[in-house]
Amino acid sequence: MSDILIVDDERDIRELVSDILEDEGFSTRLAGNSEDCMAAINAEPPGLLILDIWLKDSRMDGIDILKAVKRDNPDVPVVIISGHGNIEIAVAAIKQGAYDFIEKPFNIDQLMVVIRRAMETSRLRRENAQLKRREVSSTEMIGQSAAFRAMLNQLDKVTKSNGRVMLRGPAGSGKEIAARYIHANSNRSNAPFVTVNCAGVEPERMEEVLFGRETADRGVEPGLLEQAHGGIIFFDEVADMPLGTQSKILRVLVDQQFQRVGGADKVRVDLRVISSTNRDLEEEIRAERFRQELYHRLNVVPISVPSLEDRREDIPVLAAHFIESCHQSQGLPLREISEEAVALMQTMPWPGNVRQLKNLVERVLILGDSTGPIEARELPSNEEKIEEGRVVLSGALATLPLREAREAFEREYLLTQINRFGGNISRTASFVGMERSALHRKLKSLGVVTSGKSGARLAFADDEVEAAE
Ligand SMILES: Nc1ncnc2c1ncn2[C@@H]1O[C@H](COP(=O)(O)OP(=O)(O)OP(=O)(O)O)[C@@H](O)[C@H]1O
């Protein structure tokens, strides 16, 4: 257990408190002024700080020390000692984040009750934080496709740097989990990871949420930037940040400091910034909805998170992973997946990406009444697309002459299958029921050029479609 730092300018008092605490089995350190106090904290943050509000011959008073501790070591609980009749100041200290206060003169029992409670609360907080961390670190990223491995490789390169990363990819593709992966593997892994849900906060509240606020009656309420101090702040869906807030964030990135709403003090924070977007930010800049300068500051290392349709090969392992986690967390049955069900999952559209797959797996496990393998009939039947083997035409296909429509269909169908088999032409040929050489010819006639050892990249007319490596 870490020790208790006792700060009081009256020597008798600090020694008396120290004796009592040592008798109770705590170890203590003592400081008589603010300089010694800050030096002791910087040397090693204590498990608890007992702090006199009035410190003679000190550069900082108790409230200043409290502010510094709450900024740099927010986990250290602080118990204030206040002189008799200084209740207002003690209450102000609580608003600044002190755990509790005791009034001089105090008796041993009072002191011990407050200290035991403060220690217990802080222990619970630490345990909670550890549990949360464990939960986060168990959200491991699953995948083995070339597209996934390429992304992971890029993530691994940026974990140890402080570079600002912009994660781009469609909704539900795994941008937040990628940001958490960077955090968990960075040297900030023991510091907070704080998400700013830029789409979810009302624009008029955004600044308070980010910068915090200071009011006469409620004191300091730290915002998300302060809460993330030392760690990573993740701007989720950064394109949804109001323009006014964008300028202020830009200032924070330039100056490395900011003011709370209603406050006068400058607050300094040490942060690494990761952002995500599923929109085309260049387009947002052209439409004057996103500030170009902020874009350049946030987009230092752009990393693309592939859609699930671009890594269909990963669907079976992801589905198995979600079955396992639903089993662990909710006791749902640990079921396998039939071959037909895997084939259907690997060919159906996934506009909601990995999140949609995760939800689908959970739904099937909840609704299913068997413990055998998941069957294709348990999956959504795509009724709007196929009715009893009948393909319902999309608007685009229906406007084409038969020959072009057939080619468009064949191209789409074969690309999906090739992607599903990770670019492996032999396995694709065997599934679609063609000879390998006939499939090659077919692809060529459709303008799909395979290259690389395993048909890795598919040059598709002028466009490039990346299937797998
Ligand atoms: N590679 C992966 N392995 C395991 N789980 C994943 C993976 N990718 C995504 N997930 C899970 O899918 C869900 C959606 O992922 P996440 O929230 O990271 O997506 P997102 O791109 O940030 O979504 P949005 O843009 O909608 O905020 C989460 O539950 C996440 O844990």
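By the naming in an unreviewed UniProt entry, the protein goes by Nif-specific regulatory protein and is assigned to Ruegeria marina. Of the protein, the UniProt comment under Subunit (unreviewed entry) reads exactly: "Interacts with sigma-54."

> I keep staring at the overall build of the protein and nothing clicks. Help me out?
Along its length, the protein carries 19 helices and 19 strands. For the protein, with 469 residues in total, the buried portion stands at 32%.

> What should I look at first to understand the sheet that holds strand β7 (residues 193-197) in this one?
The strands making up a sheet are joined through hydrogen bonds of the backbone, oriented either antiparallel or parallel. Taken together, 5 strands build an open sheet; the order of strands is β7-β10-β13-β6-β14 and the sheet is parallel. The open sheet is flanked by β7 and β14 (301-304), the only strands paired with a single partner. Taking the axes of each pair of neighbouring strands and ignoring which way they run, one obtains an average angle of 20° across the sheet. Two strands pair when backbone bridges link them, and strand β6 (residues 165-168) and strand β13 (residues 272-277) are joined in this way by 4 bridges, in the parallel orientation. Counted as the bridge partner of Leu-167 is Ser-276 from β13. Along the sheet, helix α6 (residues 146-158) makes contact with β6 and β14, crossing β14 at roughly 155°.

> I'm lost on the UniProt feature "modified residue: 4-aspartylphosphate" (unreviewed entry) in the protein in this one. Help?
When the UniProt feature table is mapped onto this chain numbering, "modified residue: 4-aspartylphosphate" (unreviewed entry) sits at Asp-52. Within the secondary structure layout, Asp-52 lies in strand β3 (residues 48-52). For Asp-52, a count of 26 C-beta atoms within 10 Å puts it in the buried group. Apart from the residues lying within four places of it in its own chain, the contact partners of Asp-52 are Val-7, Asp-8, Asp-9, Gly-62 and Ile-81.

> Can you walk me through the site of the ligand in this structure?
Surveying the vicinity of the ligand reveals 19 residues, the closest of which are Ile-142, Gly-174, Lys-175, Glu-176 and Val-354. Mapped onto the shell around the ligand, the elements with two or more residues apiece are α7 (175-184) and α15 (353-367). Counted by class, the shell around the ligand contains 5 nonpolar, 9 polar and 5 charged residues. Counting only domains with at least three residues in the shell around the ligand, you end up with domain 2 (147-304) and domain 3 (309-391).

> Please explain the packing of helix α13 (residues 315-330) against α15 as it appears in this structure.
Pairs of packed helices are described in terms of their axes, by the angle between the two and the distance that separates them. Running from amino to carboxyl end, α13 crosses α15 at an angle of 50°, the nearest separation of the two axes being 9 Å. As summarised for this structure, α13 and α15 are arranged oblique, according to the angle between their axes. With respect to the hand of their crossing, α13 and α15 are arranged in right-handed fashion. Between α13 and α15, the contacting residues are Ile-315, Leu-318, Ala-319, Phe-322, Ile-323 and Cys-326 on the first element and Val-354, Leu-357, Lys-358, Val-361, Glu-362 and Leu-365 on the second. For the contact of α13 with α15, the residue count by class is 10 nonpolar, no polar and 2 charged.

> I'm lost on the nonpolar core in this one. Help?
Ranked by size, the top nonpolar core spans 40 residues in total, and within it Leu-167, Val-196, Leu-225, Ile-233, Phe-234, Phe-235 and Ile-274 carry the most contacts. Apart from residues lying up to four places away in sequence, Phe-235 is in contact with Val-196, Cys-198, Met-241, Val-273 and Ser-275. Among the nonpolar cores identified, the runner-up in size contains 28 residues, and Leu-21, Val-79, Ile-81 and Ala-98 belong to it.

> Looking at this structure, how should I read the packing of helix α18 (residues 425-432) against helix α19 (residues 436-445)?
One can describe the packing of α18 onto α19 by two numbers: an axis separation of 9 Å at closest approach and a directional angle of 95°. Classified by the interaxial angle, the pair formed by α18 and α19 is roughly perpendicular. Facing Ile-425, Ser-426, Thr-428, Ala-429 and Val-432 of α18, the residues of α19 in contact are Arg-436, Leu-439 and His-440.

> Quick question: what am I supposed to make of the environment of Leu-253 here?
Mapped onto the elements, Leu-253 comes out in helix α10 (residues 243-255). Here the alpha-carbon distance between Leu-253 and Leu-298, two residues 45 residues apart in the chain, equals 9.2 Å.

> Just to check I follow, could you spell out the sheet that holds strand β5 (residues 100-103) for this structure?
With parallel pairing, the 5 strands of this open sheet are ordered in space as β2-β1-β3-β4-β5. One side of each edge strand has no neighbouring strand; the edge strands of this open sheet are β2 (28-31) and β5. This sheet shows a mean twist of 20° between the axes of neighbouring strands, independent of strand direction. As judged from the 4 bridges shared by strand β1 (residues 4-7) and β3, these two strands associate in the parallel manner. Looking at the pairing, Ile-4 lines up with Leu-48 of β3. Across the sheet, helix α2 (residues 34-43) is in contact with β1 and β2; its angle to β2 comes to roughly 145°. Set on the sheet, helix α3 (residues 62-72) makes contact with β3 and β4 (78-82); between it and β3 the angle comes to about 160°.

Cut-offs and rules
Residues numbered from 1 in each chain as written. Predicted model: local features only at pLDDT ≥ 70, side-chain atom pairs only at ≥ 80, totals over all residues. UniProt positions renumbered as here; feature names shortened; annotations may be inferred. Helix = DSSP H or I, 4+ residues; strand = E, 2+ residues; numbered from the N terminus. Buried ≥ 20, exposed ≤ 12 C-beta atoms within 10 Å, placed from the backbone. Pairing = 2+ DSSP bridges. Axes fitted to C-alpha atoms, helices over the stretch in contact; angles between N-to-C directions. Contact = placed C-beta atoms within 7 Å. Near = placed C-beta within 6 Å. Nonpolar A, V, L, I, M, F, W, Y, C, P; charged D, E, K, R; others polar. Domains from an automatic or database assignment. Parallel < 35°, antiparallel > 145°, perpendicular 65-115°, else oblique. Left-handed = near helix turned anticlockwise from the far one by under 90°. Core = buried A, V, L, I, M, F, W, Y, C linked by C-beta atoms within 7 Å.

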